[in-house]
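# A closer look at the structure
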Amino acid sequence: MSTAEEATANAGGSGAPASSTASVTSDVMATTSDATATASAAPSDAAPSSPADAAAPDRNPRFDHTSRKVVVRNVLKYVHAKEVTKLASKWLAGRTDIKIVKTKKPPKDNWVKITLESEDMVEPFIQLINTGGEDGKAMVNGRGGPLFAKRADEMFDGDGRDGNRKRKGRDGDNEGEGRDGKRSKLQRPVRILSDDEVRDKITPLWRMTYPEQLSEKTREMVNKCAKKIVKEIKGKFRILEKEAKRGQRKKCVPLYDWVAAQWAVDVEQTVPSPRKFGYRNKCEFTIGYRLVEEEKEGAEKGGEKAAEDGDAKVEAAAAEAKGGENDAAMKEGDATEGGAKDTEPANEPKEAEAEQQPNFRKVPAAGFLAQGWSGGVYPPHGLQNMPNWSCGLADVFNDFLPASPIPPYESVVHRGVWRTVTLRYSLRTRECMVIVQHAPAKGGAGAREDGSDDYSDVFEGEKQRLVEMLTKDVIPTPKREYPEGHEGEDGETEGNGEGIRVTSIFFQEYEGLSHPSVDHPVQHVYGKRCLEEQLGKCTFQISPGAFFQTNTDGAEVLYNIVVDRIKEVTTDPKKTLLLDVCCGTGTIGLTCLKEGVVGKLIGVDIAAPAIADAKANAAKNGCTDDAATRFLAAPAEQVLPDTAKALPRDAPIVAVVDPARDGLHGTVVRTLRATEQIQRLVYVSCNPTATLVRDAAMLCSPPTKKYPGRPFKPTLSQPVDMFPSTKHCEMVMTFDRMSKEEYAKYHGEE
């Protein structure tokens, strides 16, 4: 298996690495290209000239053109993006003083973002939309509804952003970012979420009993995986039928009987996770800012809540505030749109509502992005899937960051240094690894030219101070904020890692705008270079960039299912070869070797650090025969065709694939189909409702020039719950090659 992962209750929203990740918004990415395309035409961007810019002096004009963007609301929802340019030209009919350089309309949203050539054109354009219709009224859409235009920096959140792209994580538990995977609509005014709202964002099934969660996941696998696979395959038969009618194929292939069956892909009940709480062995936190609501002029507010937030500045602010009656009123107001007090007249203009939004102070902290960057980071302490050790380390970082002269990285302007922290832990070996990702000390990609973002003189000292804070004592036991009615489980205290020390620390410098590659270098600064984990009969070493299942107990259940599926077809295990595609650190392949269900192993993975671990793990577990165990560090689509050609023709072969969320490359699917020695394929999917559907359809459809060879058909589908309280689920789907006799029934003697 490669690595490209993680975020979620994963713990950690992030803004960084394959497992973490400081996300770059689609808007920022778009405006980067804008900067090149329109630099000569937009000298006014060089300095803030509008009230919005003056209020946000940190914006770097190289990356942000919000001051010359306008949002037009109430556009027809399903206007295609390609039609927006024509629509904008229609608005400007006869106007030569306004020039549009870019338009953007998210699908299924009723707004369009317009980027103008210069800021001087913004107000005339807004006036044109709002008063340029008949009788001085607003222009109208295709159905006669009035349009409404406003500056983008007033309509969007304070960062001038319209949302983040969701990062595809290896583990499929990306709800740690608290986003739904689509581009956000215009964001509501920012407010501080309650503990339950944070749980709803990151662990959305937490309100259900565990049996209800399992039933929900089984239904999801039936409706969004199994049924979609059948639908995809039937669609391919229809395409072949049309090609036959046009004379592009010799004959029409009849629908396979198994595809036409009522339950073509039978799904078993979801296998439960051995641990339901505190099960994660890897957590990723974004380093950003926690929002603390400040007292408004003339309003009395209680300060106990702020005092509990932890840093000295917040405590000082709390000490000045007396009384608590208005706290409840503010919370009620927060529950309304924008957080305005519920005593406001219902007919107050929206501008007045905005003026009454709470004022927030930003405190450096590590945690989850439960509502995007503008909403700040939230601590993990209230999430049931987070173990104590991860919350204890979050507390250490939240003590370190407010006192550090080095600020967190801000992905909107690409300034600051501290980006993410990734935590790995083994309950069984009692080892803990910390990986801190940061931008260059001299400043990120958006650093000011005057050198004010250069922290080189203090960075090494701050690194040393952080290492000392992490290693001076055992990981502290945190104060948890479990939901009412939370019931622990046997061994929960032991499983949360009390009394454990940090055993290795790495720093990773990354100056890119999004996420580093899986083999991006790291700097080892303390302790061991790898973390060791015991799984089944094997011991595995895990390097900082290598993938490993985030639920160790659940991984044992998952791998036992894979072993059972392979054992069913290995009549002579010593002669059977296992082809392990996307093998990661070799966990599945070496487990199968150790269990004696195969005699030889070839593992392929794109991540060089993972393959280095796999080779070390083979030696660690007694698999030292190079003729029996081989690992290749390269993209599977590049090496698999030649590897398959070199396989012995008379040897029985079983394949296991365990890809990242992007699924299998088309070349890998083609090679698996064409290698007819492979009679059984076990697909372990962390994205069963999307890429497994696509790959299964390609594996099981009739042969074509692009995908030759006898097709497979699914014979067993077993969901495994690796992520309790979240919507994600692993799927182990077993595919068997269609027999020659059955193939001839549909295709004749081809």
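Presented here is a report on the structure given in the accompanying data block.

The rules we used
Residues numbered from 1 in each chain as written. Predicted model: local features only at pLDDT ≥ 70, side-chain atom pairs only at ≥ 80, totals over all residues. Heavy atoms only, no water. Helix = DSSP H or I, 4+ residues; strand = E, 2+ residues; numbered from the N terminus. Buried < 20%, exposed > 50% of the residue type's maximum accessible area, 1.4 Å probe, protein only. Contact = heavy atoms within 4.5 Å. Areas by Shrake-Rupley, 256 points an atom, 1.4 Å probe, with all protein chains shown as cover. Axes fitted to C-alpha atoms, helices over the stretch in contact; angles between N-to-C directions. Parallel < 35°, antiparallel > 145°, perpendicular 65-115°, else oblique. Left-handed = near helix turned anticlockwise from the far one by under 90°. Nonpolar A, V, L, I, M, F, W, Y, C, P; charged D, E, K, R; others polar. Pairing = 2+ DSSP bridges. Salt bridge = Lys/Arg side-chain N within 4 Å of Asp/Glu carboxyl O. Arc of directions from axis to C-beta. Phe/Tyr/Trp six-rings, centres within 6.5 Å; stacked < 30°, edge-to-face > 60°. Lys NZ or Arg CZ within 6 Å of the ring centre and 35° of its normal.

## Topic: the overall build of the chain
When helices and strands are counted, the chain shows 22 helices and 19 strands. Taking all 750 residues of the chain together, 57% fall into the buried category. Sequence-distant contacts in the chain: of pairs separated by 6 or more residues, those separated by 24 or more amount to 75%. Carbon and sulfur atoms provide 50% of the accessible area of the chain, an area that totals close to 32,100 Å².

## Some thoughts on the packing of helix α16 (residues 552-567) against helix α17 (residues 587-595)
If you want to describe how two helices pack, look at the angle between their axes and the distance between the axes. Two numbers describe how α16 lies on α17: the axes approach to 10 Å, and their chain directions differ by 60 degrees. In terms of orientation, α16 and α17 fall into the oblique class. Relative to α17, α16 is oriented so that their crossing is right-handed. On the side of α16, the interface is formed by Tyr 559, Val 562, Val 563 and Ile 566, while α17 contributes Thr 587, Ile 588, Thr 591, Cys 592 and Glu 595. Of the residues belonging to the contact of α16 with α17, the class tally is six nonpolar, two polar and one charged.

## Concerning the pairing of strand β15 (residues 629-633)
The pairing of strand β14 (residues 600-605) with β15 spans five bridges and is classified as parallel. Across the sheet, Asp 605 pairs through a bridge with Ala 633, a residue of β15.

## Side note on the sheet that holds strand β7 (residues 418-426)
Read across the sheet, six strands follow the order β6-β5-β7-β8-β9-β10 without closing on themselves; strand pairing throughout is mixed. Bordering the open sheet on either side are β6 (359-367) and β10 (523-527), each of which pairs with just one other strand. Ignoring which end each strand starts from, the neighbouring axes of this sheet average 25 degrees apart. The sheet contact formed by strand β5 (residues 282-294) and β7 spans five bridges and is antiparallel. Of the residues in β7, the one forming a bridge with Glu 284 is Thr 422. Contacts between helix α14 (residues 456-471) and the sheet are confined to β7, β8 (431-438), β9 (504-509) and β10, with β9 contributing the most and set at about 150 degrees to the helix.

## Quick look at the pattern of salt bridges
By the definition in use, this model includes 29 salt bridges. Each of Arg 565, Glu 568, Arg 680 and Asp 736 takes part in a single network of salt bridges with overlapping partners.

## Observations regarding helix α22 (residues 740-747)
Every buried residue of α22 is listed here: Glu 742, Tyr 743, Tyr 746 and His 747. All buried residues of α22 project into a common sector of 115 degrees when viewed along the axis, lining one side. Along α22, exposed side chains directed more than 90 degrees from the buried face belong to Lys 740, Glu 741 and Lys 745. Check the buried side of α22 and you find it contacts α8 (257-260) and β18 (712-720). Following α22 by one or two positions, Gly 748 has its phi on the positive side, about 70 degrees.

## Comments concerning the side chain of Ser 504
Structurally, Ser 504 can be placed in strand β9. Accessibility expressed as a relative area gives 0% for Ser 504, which makes it buried. Those residues in contact with Ser 504 that lie beyond four places of it in its chain are Cys 432, Met 433, Val 434, Tyr 526, Gly 527 and Lys 528.

## Observations regarding the packing of aromatic side chains
One pass over the full model with this rule turns up eight aromatic pairs. Ring geometry for Trp 91 and Phe 125: centres 6.5 Å apart, planes at 55 degrees, overall tilted. Here Phe 125 lies in helix α4 (residues 122-131) and Trp 91 lies in helix α3 (residues 81-91), a separation of 34 residues in the sequence. Pairing Phe 400 with Trp 418 gives two aromatic rings, centres 5.6 Å apart and planes at 70 degrees, and the pair type is edge-to-face. Of this pair, Phe 400 sits in helix α13 (residues 388-403) while Trp 418 is found in strand β7, placing the two residues 18 residues apart along the sequence. Like Trp 418, Phe 400 is buried. The ring of Tyr 289 carries the charged tip of Lys 362 above its face, separated from the ring centre by 4.7 Å. Stacked on the ring of Phe 507, the Lys or Arg Lys 463 has its end atom at 4.9 Å from the ring centre.

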